[in-house]
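Geometric and topological summary
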Amino acid sequence: MQTYDVTILGGGLAGLTLARQLLLKNPELSIAILERKAFPVPEIAHKVGESTVEIGAHYLSEVVQLKKHLIDDQLPKFGLRFFFRNELQTIAEGTEVGGSEFFPAPSYQVDRGRLENYLAGLVQDMGAKMFSASRVTNMEVTSAESGSPHKVEFENGQPGNLIHSRWLVDATGRQGVLKRHLQLNEDIDHSVNAVWFRVDKEIRIDQWGSDDAWKQRLGQVPRRWLSTNHLLGPGYWVWLIPLASGATSVGIVCDPKLHSLREMNSLEKALDWLREYQPECADQLEDCGDKVCDFKALRHLAKGCKQVFSANRWAITGEAGVFLDPFYSPGSDYIAIGNTMIAKLIHEDMAGQSLEQLAPTLQSVFMSLFQNNLLTYQDQYPLFGNARVMSLKIVWDYALYWAFPALLYFQEQLANPSFVQTLGSGIEQLREMNVNMQQFFRDWHQHEDDADVDQAYLDQRTVAVLYQLNAELKEPLDEAALKARFDRNVNLLRDLMHEIQDRVCQHLPEIAPATGTQPPAEPRLGQVFENLNL
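Residues numbered from 1 in each chain as written. Predicted model: local features only at pLDDT ≥ 70, side-chain atom pairs only at ≥ 80, totals over all residues. Heavy atoms only, no water.

1. Notes on the overall build of the protein chain
- Counting secondary structure elements, the protein chain contains 17 helices and 20 strands.
- For 534 residues, the compact-globule estimate of 2.2 N^0.38 gives 24 Å, and the protein chain sits close to it at 23 Å.
- Residues counted as buried form 59% of the 534 residues belonging to the protein chain.
- For the protein chain, the proportion of contacts with a sequence separation of at least 24, taken over those separated by at least 6, is 78%.
- As presented, the protein chain carries roughly 20900 Å² of accessible surface, and 46% of it is formed by carbon and sulfur atoms.
- When the 49 positive and 69 negative side-chain charges of the protein chain are each reduced to one mean point, those points stand 4 Å apart. (Helix = DSSP H or I, 4+ residues; strand = E, 2+ residues; numbered from the N terminus. Rg over C-alpha atoms; globule rule 2.2 N^0.38 Å. Buried < 20%, exposed > 50% of the residue type's maximum accessible area, 1.4 Å probe, protein only. Contact = heavy atoms within 4.5 Å. Areas by Shrake-Rupley, 256 points an atom, 1.4 Å probe, with all protein chains shown as cover. Lys, Arg positive; Asp, Glu negative; His and termini not counted. Charge placed at Lys NZ, Arg CZ, Asp CG, Glu CD.)

Structural data, given as structure tokens:
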């Protein structure tokens with residue numbers, strides 16, 4: 001039997017970053033990590049979740065201080081990029097949405113095996129005890145009032161190992177060991193399936209088009225391949241993510257009402273499906289059989305959890321708790337937010353503070369973020385082939401993300417319940433606007449479901465409001481200035497809502513938004529509308 005302050009079940013990205021975050025602030029903490037796999041884990045064919053966006057990237061780079069590794073051993077990410085085409089168009093002939101330059105707040109493409117091997121070495125050097133190739137066989141979760149530690153039994157080459165710890169954290173991914181033990185699984189009203197595989201080959205989407213307009217769209221140095229590239233169609237999207245090893249991650253995510261998983265649940269079927277729906281992508285994968293490193297199919301990606309933090313000194317993080325949808329790459333964001341809240345709970349507890357109010361309050365903040373973000377994806381997959389609707393939806397979704405959760409996370413206030421509560425009215429206004437806008441996009445699609453645009457390019461870098469919101473993330477603000485910035489952002493989002501709805505309703509008068517339309521106080525999207533022929 002061994003005793004620790006914290007036992008972390010799972011030595012993947014969520015568990016390892018939490019251990020490092022805890023030890024960076026309190027090196028005296030004793031931490032045990034139980035991981036099923038043996039280190040080093042394989043590069044390339046290990047786990048998905050290779051694409052980061054701003055919150056997750058900031059967490060990895062600054063909070064857990066991995067910036068040098070990310071720059072030296074991973075790839076810079078050229079943002080999220082989206083391609084729309086009809087059956088008669090090539091990728092180059094359709095609509096492209098993405099930046100011509102990097103946004104100020106960086107993000108990265110990460111080989112999960114390479115990153116987790118590096119992290120495992122770091123946290124062990126910092127004093128964490130790693131029990132790899134270990135399988136949990138039993139556990140006893142106790143109450144804070146009992147004064148008894150949590151107990152975990154596990155096999156590690158031999159049975160009968162026992163750990164006692166004050167804190168117990170589940171970071172076991174979709175296994176959800178503690179989640180299952182406590183019967184906390186919760187269904188989510190959002191159904192998407194996915195298949196994915198890695199190919200030991202660079203796939204450079206820049207080379208798919210031969211005309212000068214395509215080649216020069218981003219200037220003289222093609223860099224589209226560094227983006228997380230999305231190939232969209234009705235009810236589905238395909239991802240292409242480059243890895244520093246020279247491999248490429250390929251995935252298909254689909255609404256089962258429009259595309260059955262049975263059509264793609266083997267490598268051969270997935271390649272046939274790509275030949276039908278994304279033939280240019282399929283062409284890149286011809287004769288790659290010996291270069292395919294892995295393959296996996298998974299139903300029901302979205303997962304909920306009834307509770308993720310407890311005053312009884314347990315917590316759940318990463319995919320062991322909740323997961324939404326990979327479309328905007330939010331997985332590492334929820335690791336960042338969840339781990340930061342867990343670290344706050346553990347540090348407060350170790351300092352002798354009560355968790356009776358803090359734990360449920362952080363739980364409420366976390367689950368509110370999750371439920372509000374769910375609105376972005378629910379019933380939206382039928383729109384994915386609609387270039388006009390999706391181009392403006394992407395602008396709206398980006399702006400909302402940078403104006404609220406990303407802003408608060410960068411300013412280290414998202415895990416500060418007292419500050420978040422001062423924003424209650426504005427947060428509710430943003431939620432109501434988002435409900436309205438997501439329904440508006442669905443209504444627009446119903447009235448104009450075949451809005452193809454030829455050779456349109458929406459350069460997000462030239463959308464001033466997006467650049468402004470992204471650039472401001474790293475600007476240091478005190479609480480008063482942050483409150484003023486948030487209030488301004490609420491008004492800015494309201495203007496964007498009215499501008500989009502006003503312009504679209506001029507184009508399609510039969511659409512009647514719930515709030516009515518009015519001219520925006522300050523028009524910001526004129527060039528966007530022109531590019532989309534609106």
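Let's pick the thread back up.
2. Thoughts on the nonpolar core
- Ile-31, Phe-82, Leu-392, Trp-396, Phe-441, Trp-444 and Leu-525 are the most contacted members of the largest nonpolar core, which has 158 residues in total.
- Top contributing element to this core by residue count: helix H11 (residues 387-403), with 13 residues. (Core = buried A, V, L, I, M, F, W, Y, C linked by side-chain atoms within 4.5 Å.)

3. Remarks on the layout of surface pockets
- Computed from the structure, the second largest pocket encloses a volume of approximately 670 Å³.
- Lining the second largest pocket are 38 residues, with Asp-333, Asp-397, Tyr-398, Tyr-401 and Trp-402 sitting closest to its centre.
- Listing elements by their share of the lining of the second largest pocket, those giving two or more residues are helix H2 (54-63), helix H9 (331-350), helix H10 (358-374), H11 and helix H14 (424-447).
- Tallying contributions element by element places H11 first for the lining of the second largest pocket, with five residues.
- Partitioning the lining of the second largest pocket into residue classes produces 24 nonpolar, eight polar and six charged. (1 Å grid on protein atoms, 1.4 Å probe; cavity = no way out; pocket = protein on both sides within 12 Å on 5 of 7 lines; lining within 4 Å. Points joined across faces, edges and corners; volume = space filled by probe spheres on them. Nonpolar A, V, L, I, M, F, W, Y, C, P; charged D, E, K, R; others polar.)

4. Observations concerning helix H16 (residues 479-507)
- Between the first and last C-alpha of H16 there are 42 Å, a value that for 29 residues agrees with the 42 Å anticipated at 1.5 Å per step.
- Sitting at the head of H16, Asp-478 places a side-chain oxygen 3.2 Å from the backbone nitrogen of Ala-480. (Expected span 1.5 Å × (residues − 1). Polar contact = N/O pair within 3.5 Å; in protein donor to acceptor, adjacent residues only side chain to side chain.)

5. Some points on H10
- Taking 1.5 Å of rise per residue, 17 residues should cover 24 Å, and H10 covers 24 Å from first to last C-alpha, within 8% of that figure.
- For H10, the complete set of buried residues consists of Leu-358, Ala-359, Leu-362, Gln-363, Val-365, Phe-366, Met-367, Leu-369, Phe-370 and Leu-374.

6. So, the environment of Ser-30
- Within the secondary structure, Ser-30 is located in the loop between helix H1 (13-25) and strand E2 (31-34).
- With 137 residues separating them along the chain, Ser-30 and Trp-167 place their C-alpha atoms 11 Å apart.
- Not counting residues up to four positions away in its chain, the partners in contact with Ser-30 are Thr-3, Tyr-4, Asp-5 and Val-6.
- A polar side-chain atom of Ser-30 sits 2.8 Å from the main-chain amide nitrogen of Asp-5.

7. Points about empty space enclosed by the protein
- Throughout the structure, instances matching the rule amount to four cavities of 30 Å³ or more.
- Together, Val-308, Phe-309, Ile-316, Thr-317, Gly-318, Gly-321, Val-322, Tyr-334, Ile-335, Gly-338 and Phe-366 line the largest cavity.
- Of the residues in the lining of the largest cavity, the class split is seven nonpolar, four polar and no charged.

8. Considering unusual backbone geometry
- A cis geometry characterises the amide bond from Phe-39 onward to Pro-40, with omega recorded as 0°.
- Secondary-structure assignment places Pro-40 in the loop between E2 and H2.
- A positive phi angle, close to 70°, is found at Arg-313, a residue other than glycine.
- Among the structural elements, Arg-313 can be located in the loop between strand E18 (309-310) and strand E19 (314-316).
- Using a relative accessible area of 16% as the deciding quantity, one classes Arg-313 as buried.

9. Looking at the packing of helix H15 (residues 464-471) against H16
- Put simply, H15 and H16 touch, their axes get as near as 12 Å, and they point 160° apart. Overall, the two elements H15 and H16 adopt an arrangement that is roughly antiparallel. The two elements H15 and H16 meet at a crossing, and its hand is left-handed. For the pair formed by H15 and H16, the contact residues are Val-465, Gln-468 and Leu-469 on the first element and Arg-488, Asn-489, Leu-492 and Leu-496 on the second. (Axes fitted to C-alpha atoms, helices over the stretch in contact; angles between N-to-C directions. Parallel < 35°, antiparallel > 145°, perpendicular 65-115°, else oblique. Left-handed = near helix turned anticlockwise from the far one by under 90°.)

10. A word on the packing of aromatic side chains
- The tally for this structure, following the rule as stated, stands at 25 aromatic pairs.
- Counting every residue linked through ring pairs, the aromatic cluster contains Phe-82, Phe-103, Trp-196, Trp-237, Trp-239, Phe-327, Tyr-328, Tyr-377, Tyr-381, Phe-384, Tyr-398 and Trp-402.
- Sitting above the plane of the Phe-78 ring, Arg-81 keeps its charged end 4.8 Å from the centroid.
- In this arrangement the basic side chain of Arg-223 is found over the ring face of Phe-78, its NZ or CZ atom lying 4.8 Å from the centre. (Phe/Tyr/Trp six-rings, centres within 6.5 Å; stacked < 30°, edge-to-face > 60°. Lys NZ or Arg CZ within 6 Å of the ring centre and 35° of its normal.)

11. A few points about the pairing of strand E20 (residues 456-459)
- Neither face of E20 is left uncovered, since the one carrying Ala-456 and Leu-458 and the one carrying Tyr-457 and Asp-459 both have all their residues buried.
- Pairing of strand E5 (residues 95-98) with E20, which is carried by four bridges, proceeds in the parallel orientation. Note that in E20 the partner of Val-97 across the bridge is Leu-458. (Pairing = 2+ DSSP bridges.)

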